[in-house]
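Listed here are the chains, written in short residue letters.
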Amino acid sequence: MPSKKQIDIESILIQLTLYKEQLNEINELEDKLNQEKFLINEYLNKTFVLLDNILSKYGKKLSN
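Residues numbered from 1 in each chain as written. Predicted model: local features only at pLDDT ≥ 70, side-chain atom pairs only at ≥ 80, totals over all residues. Heavy atoms only, no water.

Remarks on the overall build of the chain
Here's step 1: For the chain, the helix and strand inventory stands at one helix and zero strands.
Here's step 2: Taken over C-alpha atoms, the radius of gyration comes to 26 Å for the chain, far larger than the 11 Å a tight globule of 64 residues would show.
Here's step 3: Counting only C-alpha atoms and orienting by the principal axes, one finds that the chain spans roughly 85 × 15 × 10 Å.
Here's step 4: With the model as given, the accessible surface of the chain reaches about 6400 Å², and the carbon-plus-sulfur share is 62%.
Here's step 5: The chain carries 9 positive and 10 negative side-chain charges, and their two centres are separated by 10 Å. (Helix = DSSP H or I, 4+ residues; strand = E, 2+ residues; numbered from the N terminus. Rg over C-alpha atoms; globule rule 2.2 N^0.38 Å. Areas by Shrake-Rupley, 256 points an atom, 1.4 Å probe, with all protein chains shown as cover. Lys, Arg positive; Asp, Glu negative; His and termini not counted. Charge placed at Lys NZ, Arg CZ, Asp CG, Glu CD.)

Notes on helix α1 (residues 4–57)
Here's step 1: End to end, α1 covers 79 Å across 54 residues, agreeing with the expected 80 Å (1.5 Å per residue, within 8%).
Here's step 2: Downstream of α1 by one or two residues, glycine 59 has phi in the positive range, about 85°. (Expected span 1.5 Å × (residues − 1).)

Focus: a nonpolar patch on the surface
Here's step 1: Side chains of Ile9, Ile12, Leu13, Leu16 and Tyr19 sit close together on the surface and give an oily, nonpolar patch of about 520 Å² of accessible area.
Here's step 2: Within the fold, isoleucine 12 resides in helix α1. (Patch = residues over 30% accessible without salt bridge, like charges linked within 9 Å, V, L, I, M, F, W, Y side chains within 5 Å. Salt bridge = Lys/Arg side-chain N within 4 Å of Asp/Glu carboxyl O.)

Let's talk about a negative patch on the surface
Here's step 1: Among the surface-exposed residues, Glu21, Glu25, Glu28, Glu30 and Asp31 lie close enough to one another that they form a single negatively charged patch.
Here's step 2: Mapped onto the elements, glutamate 28 comes out in helix α1.

Take a look at the structure:
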């Protein structure tokens, strides 16, 4: 029969493994979020340029 100390160590190792898996999941989600933020920023920049070009045809400008 394993000692209480051995059981505690095994429990700690299991918890650490679970925490590591959760951290990996968080990092993956963070990477996906950063990719989405980049794509949104690109979309907004292109939209701004398009709108600026359209407005410039009518004598107005968004950019300085």
